[in-house]
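Architecture and fold: a report
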Amino acid sequence: AHEVPVEGIFNANDIITELQNLYINGLKPGMKTGWTDFDELCTFETGRLCVVTGVPGCGKSEFVDELVMRLNLLHGWKAAFFSPENMPMAYHMRKLIEKATGEQFDARLMDAQVFNKAVLYLGENFSSILPSDDFTLDNILDKARTLVSRNGIRVIVIDPYNRIEHLIPSHLSETQYIGMVIDKMSNFAYRNNCLIILVAHPRKVNRDPVTQCYAKVSMYDVNGSAHFYNKSDFGLVIERDHLAKVTRVRVEKVKFKHLGSGNNAEAVFVYNLKNGRFACCPQGNIAKAVFDNSSWI
């Protein structure tokens, strides 16, 4: 008699179609952002967890906003933001409109037709998650699951980790709890075919008393646990170099080599004050940066 299949147990014969596809076509890079220097270090695919860290004021949220918008414009990935630090919501949408249009958000500088087109674009592609009852991770992911089924969301941004309401069971240490939370995010990303981008602050970092610059941080400096590095698929560290007037994005981790190199390599950007966009600096040369003020929509 044939044995009854056991749920949750598989072998190569069960995934033969997927194996044949990989055998014939090989592993391909993930989705690019259009930042040439950054794309050489890191590309993205759904089903993954990306952790972004950096000291306060380094531009983490601004970078993540543009990263998400680029993935949407190039690949159609709709996104949802849980971003309490960007409230009220209109303030966040204002920043996104500037990035999308390339213009400053001001009725004297931005034509009403451009404004209306941008609002329509945002309405079709971006959602905000702001539960009225509680900010627990289960509640946030429950709202995200609804957006996945209704709107086809492919990117979920949680910015930042410390604005989630954490109910740590008495029998768990903080490290054990954080490991459980990250596992829950990773499992959600895989099961719902999404990319989750988690912004997490580092532990307290001191400034240099002379230069007033922060000490360099790594993914292992994220406040709470090394699990933020160990259990993530991508690890990005954002640094603002005030002396050189550039933003450095260090790719500390890319779990799968077909998606990028990682190895602590960095891409260098200049921040465009007019519209909040980041312009690549080829070979880290600020003089080679080209600002783009054109409309992306």
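The volume enclosed by the largest pocket comes to roughly 450 Å³. Every residue lining the largest pocket is listed: Glu-18, Asn-21, Leu-22, Asn-25, Gly-26, Leu-27, Lys-28, Glu-45, Arg-48, Tyr-190 and His-258. Here the element with the most residues in the lining of the largest pocket is helix H1 (residues 16–25); it accounts for 4 residues. Class assignment for the residues of the lining of the largest pocket results in 3 nonpolar, 4 polar and 4 charged.

Let us look at the packing of helix H3 (residues 60–75) against helix H4 (residues 89–101). For the pair H3 and H4, interaxial distance at closest approach is 11 Å and the crossing angle is 55 degrees. If you check the angle between H3 and H4, you find them oblique. Here H3 and H4 pass one another in a crossing that is right-handed. Each of Glu-62, Asp-65, Glu-66 and Met-69 in H3 lies in contact with H4, whose residues at this interface are His-92, Lys-95, Leu-96, Lys-99 and Ala-100.

Under the criterion given, the structure shown has 0 disulfides. Unpaired in this structure, Cys-42 has its nearest cysteine sulfur neighbour in Cys-50, at a distance of 6.5 Å. Accessibility expressed as a relative area gives 0% for Cys-42, which makes it buried. This cysteine, Cys-281, is not joined by any disulfide, and Cys-280 carries the nearest cysteine sulfur, 7.5 Å off. A relative accessible area of 1% means that Cys-281 is categorised as buried.

Before going further, it helps to spend a moment on the sheet that holds strand S8 (residues 265–271). The sheet built from 9 strands is open, its strands ordered S3-S2-S4-S5-S1-S6-S7-S8-S9 with mixed pairing. Across the chains shown, the open sheet's two edge strands, defined by having one partner strand only, are strand S3 (126–128) and strand S9 (278–280). Across the sheet, the mean angle from the axis of one strand to that of its neighbour is 25 degrees, orientation sign disregarded. Strand direction decides the pairing type here: strand S2 (residues 78–82) and S3, joined by 3 bridges, are parallel. In the sheet register, Ala-79 faces S3, and the bridge partner there is Phe-126. In this fold helix H5 (residues 112–125) packs onto S2 and S3, with an angle of close to 70 degrees to the strand it touches most, S3.

Take the packing of aromatic side chains next. For any pair of aromatic rings, the description rests on two quantities: the centre-to-centre distance and the angle between the ring planes. Per the stated rule, a full pass over the model turns up 16 aromatic pairs. Their ring planes at 75 degrees and their centres at 5.7 Å tell us that Phe-63 and Phe-278 sit as a pair that is edge-to-face. With Phe-63 in helix H3 and Phe-278 in strand S9, this pair connects stretches of sequence that are 215 residues apart. Taken as a pair, Phe-63 and Phe-278 share a single burial class, namely buried.

Residues Phe-38, Phe-44, Tyr-161, Met-185 and Ile-197 are the most contacted members of the largest nonpolar core, which totals 77 residues. By residue number, the principal contributor to this core is helix H7 (residues 174–191), which donates 7 residues. Setting aside its immediate chain neighbours within four residues, Tyr-161 contacts His-166, Tyr-177, Ile-178, Val-181, Met-185, Leu-198, Val-199, Ala-200 and Phe-228.

What follows covers a nonpolar patch on the surface. A cluster of nonpolar side chains, namely Ile-15, Ile-16 and Leu-19, defines an oily patch on the protein surface of about 230 Å² accessible area. For Ile-16, the position within the fold is in helix H1.

Let us now look at the pattern of salt bridges. Tallying each qualifying case throughout the model produces 16 salt bridges. For Glu-66, the salt bridge is made with Arg-70, and the minimal N-O distance between the two is 3.0 Å. With Glu-66 and Arg-70 both in helix H3, this residue pair falls 4 residues apart, about one helical turn. In this structure, Glu-66 and Arg-70 share a single accessibility class: buried. In this structure, Asp-221 engages Arg-203 in a salt bridge whose closest nitrogen and oxygen atoms are separated by 2.7 Å. On the criterion of sequence distance, the pair formed by Asp-221 in the loop between strand S5 (195–199) and helix H8 (227–230) and Arg-203 in the loop between S5 and H8 is long-range, its members being 18 residues apart. The class for Asp-221 is buried, based on a relative accessible area of 14%. Arg-203 sits in the partly exposed class, given a relative accessible area of 44%. When salt bridges that share partners are traced, they join Glu-62, Lys-95 and Lys-99 into one network.

What follows concerns the side chain of Lys-253. By the secondary structure assignment, Lys-253 is in strand S7 (residues 246–254). No salt bridge forms around the buried Lys-253; measuring N to O, its nearest opposite-charge neighbour Asp-233 is 6.6 Å away. Here Tyr-229 takes part through its backbone oxygen, which lies 2.8 Å from a polar atom of the side chain of Lys-253. A polar contact is formed between the side chain of Lys-253 and the backbone oxygen of Ser-232, at a distance of 2.7 Å.

How each quantity is defined
Residues numbered from 1 in each chain as written. Predicted model: local features only at pLDDT ≥ 70, side-chain atom pairs only at ≥ 80, totals over all residues. Heavy atoms only, no water. 1 Å grid on protein atoms, 1.4 Å probe; cavity = no way out; pocket = protein on both sides within 12 Å on 5 of 7 lines; lining within 4 Å. Points joined across faces, edges and corners; volume = space filled by probe spheres on them. Helix = DSSP H or I, 4+ residues; strand = E, 2+ residues; numbered from the N terminus. Nonpolar A, V, L, I, M, F, W, Y, C, P; charged D, E, K, R; others polar. Axes fitted to C-alpha atoms, helices over the stretch in contact; angles between N-to-C directions. Parallel < 35°, antiparallel > 145°, perpendicular 65-115°, else oblique. Left-handed = near helix turned anticlockwise from the far one by under 90°. Contact = heavy atoms within 4.5 Å. Disulfide = S-S within 2.5 Å. Buried < 20%, exposed > 50% of the residue type's maximum accessible area, 1.4 Å probe, protein only. Pairing = 2+ DSSP bridges. Phe/Tyr/Trp six-rings, centres within 6.5 Å; stacked < 30°, edge-to-face > 60°. Core = buried A, V, L, I, M, F, W, Y, C linked by side-chain atoms within 4.5 Å. Patch = residues over 30% accessible without salt bridge, like charges linked within 9 Å, V, L, I, M, F, W, Y side chains within 5 Å. Areas by Shrake-Rupley, 256 points an atom, 1.4 Å probe, with all protein chains shown as cover. Salt bridge = Lys/Arg side-chain N within 4 Å of Asp/Glu carboxyl O. Lys, Arg positive; Asp, Glu negative; His and termini not counted. Polar contact = N/O pair within 3.5 Å; in protein donor to acceptor, adjacent residues only side chain to side chain.

Worth remembering: the numbers are spatial, not functional.
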